[in-house]
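Each chain, letter by letter, is given below.
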Amino acid sequence: MARAIDATVGDGLLLVDKPAGWSSHQVVGACRRLAGTRKAGHAGTLDPMATGLLLVGVNKATRLLTFFVGCDKTYQATIRLGAQTFTDDAEGEIVSAADPAEVGRLAADPARVDAAIAGLRGDIEQVPSAVSAIRVGGKRAYARARAGEDVELAARPVHVARFDVRARRAGDGVLDLDVEADVSSGTYVRALARDLGRALGVGGHLIALRRTRIGDFGVAAASTMEQLEAARSRGTPRERGIPGVTEGTSGLPLVPMAQAARAVMPVRQLDAGSAALAASGVRIPSEQPGRPGPVAAVGPDGKLIAVLDESGPAVRLEAVLA
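Computed from a prediction, not measured in an experiment: that's the story for all the values here.

Caption draft 1: Region of interest: the overall build of the protein. On a plain count of helices and strands, the protein comes out with eight helices and 17 strands. Classification of the 322 residues of the protein by burial places 50% in the buried group. Within the protein, residue pairs in contact and separated by at least 24 positions form 66% of the contacts whose partners lie at least 6 positions apart. Roughly 14,400 Å² of accessible area belongs to the protein as shown, and the carbon and sulfur atoms make up 52% of that amount.

Here you go:
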């Protein structure tokens, strides 16, 4: 049964440690129920097999989510070399398998693997997985691919700042690599696994994936669904070392909107008069005309008033949140 609308919850971000087997949509649905609101959404989908950090905006904070989508991210993953799957991960059927002897030679030559990984660092052109959520002709690529259609996606520029091997395990005709990667928004770790396998001539796919960071937020500060349920029932927020977590009667550990905005954009402090004007939708003069990117406008009380565009002499209000 859906929880009644709860005005005590307020607005902010929930840092959720998504469990395996849940879709991102299911997590958002559970958060809507817990928060007693119809307004909730997430910034950056995780596949059902993946775990880790999912940012869920609650109430007015849903309007901030678009500013988190472009953040760099960190992932921990396990890549299996020796087989290619239809989905580039463990959920798809195997479409090709390498000669076990070749995989054995690869396992005995770590420098060869390291050289192939080095070729996937930096600025690269990456073709997303055919079963990604990218829309092709108004329809998700994964829906077309699973319906038997040939899906051809264009390569797109991405940046892989770090792609390190943490452990290697060989056996049964496969070589498993535990890796950690820092990547730009839009990078598919499944595609990195696929491309590494292709570069080595043995095929590759992802068998585990965990997102540990989005921008300045880390999974260590996130709550599991069970912890959110327990906190909601207790009515007091759980301490997770997040300064400024909302202390309300709802119990949900919401990161306030002003704090969330500070993590992804510069801040402009408004006086009472300018704050009142911006809150009413009035375009005030830019503090730094020509400043690129969004700017968080914070009022004298420390609350987020609006998100501004200061590219011109007068601001353009991208979102009014007061």
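Caption draft 2: Here's a closer look at the sheet that holds strand β14 (residues 267-269). On the basis of which strands lie adjacent, the open sheet formed by four strands has the order β14-β15-β16-β17 and mixed pairing. Across the chains shown, the open sheet's two edge strands, defined by having one partner strand only, are β14 and β17 (316-320). Across the sheet, the axes of successive neighbouring strands diverge by a mean angle of 30°, strand direction being ignored. Note: strand β16 (residues 304-309) against β17, four bridges, orientation antiparallel. Bridging across to β17, leucine 308 finds its partner in leucine 317.

Caption draft 3: Layout of the packing of aromatic side chains. On inspection of all chains with the given rule, the structure shows one aromatic pair. Geometrically, the ring pair formed by phenylalanine 68 and phenylalanine 217 is tilted, given 6.0 Å between the ring centres and 40° between the ring planes. On the criterion of sequence distance, the pair formed by phenylalanine 68 in the loop between β3 (51-58) and β4 (73-81) and phenylalanine 217 in strand β13 (residues 217-218) is long-range, its members being 149 residues apart. Given a relative accessible area of 1%, phenylalanine 68 falls into the buried group.

Caption draft 4: The environment of alanine 181, seen in detail. Of note, alanine 181 is situated in strand β11 (residues 174-183). Expressed as a C-alpha distance, the spacing of alanine 181 and threonine 74, which sit 107 residues apart in the sequence, is 5.6 Å.

Rules used throughout
Residues numbered from 1 in each chain as written. Predicted model: local features only at pLDDT ≥ 70, side-chain atom pairs only at ≥ 80, totals over all residues. Heavy atoms only, no water. Helix = DSSP H or I, 4+ residues; strand = E, 2+ residues; numbered from the N terminus. Buried < 20%, exposed > 50% of the residue type's maximum accessible area, 1.4 Å probe, protein only. Contact = heavy atoms within 4.5 Å. Areas by Shrake-Rupley, 256 points an atom, 1.4 Å probe, with all protein chains shown as cover. Pairing = 2+ DSSP bridges. Axes fitted to C-alpha atoms, helices over the stretch in contact; angles between N-to-C directions. Phe/Tyr/Trp six-rings, centres within 6.5 Å; stacked < 30°, edge-to-face > 60°.

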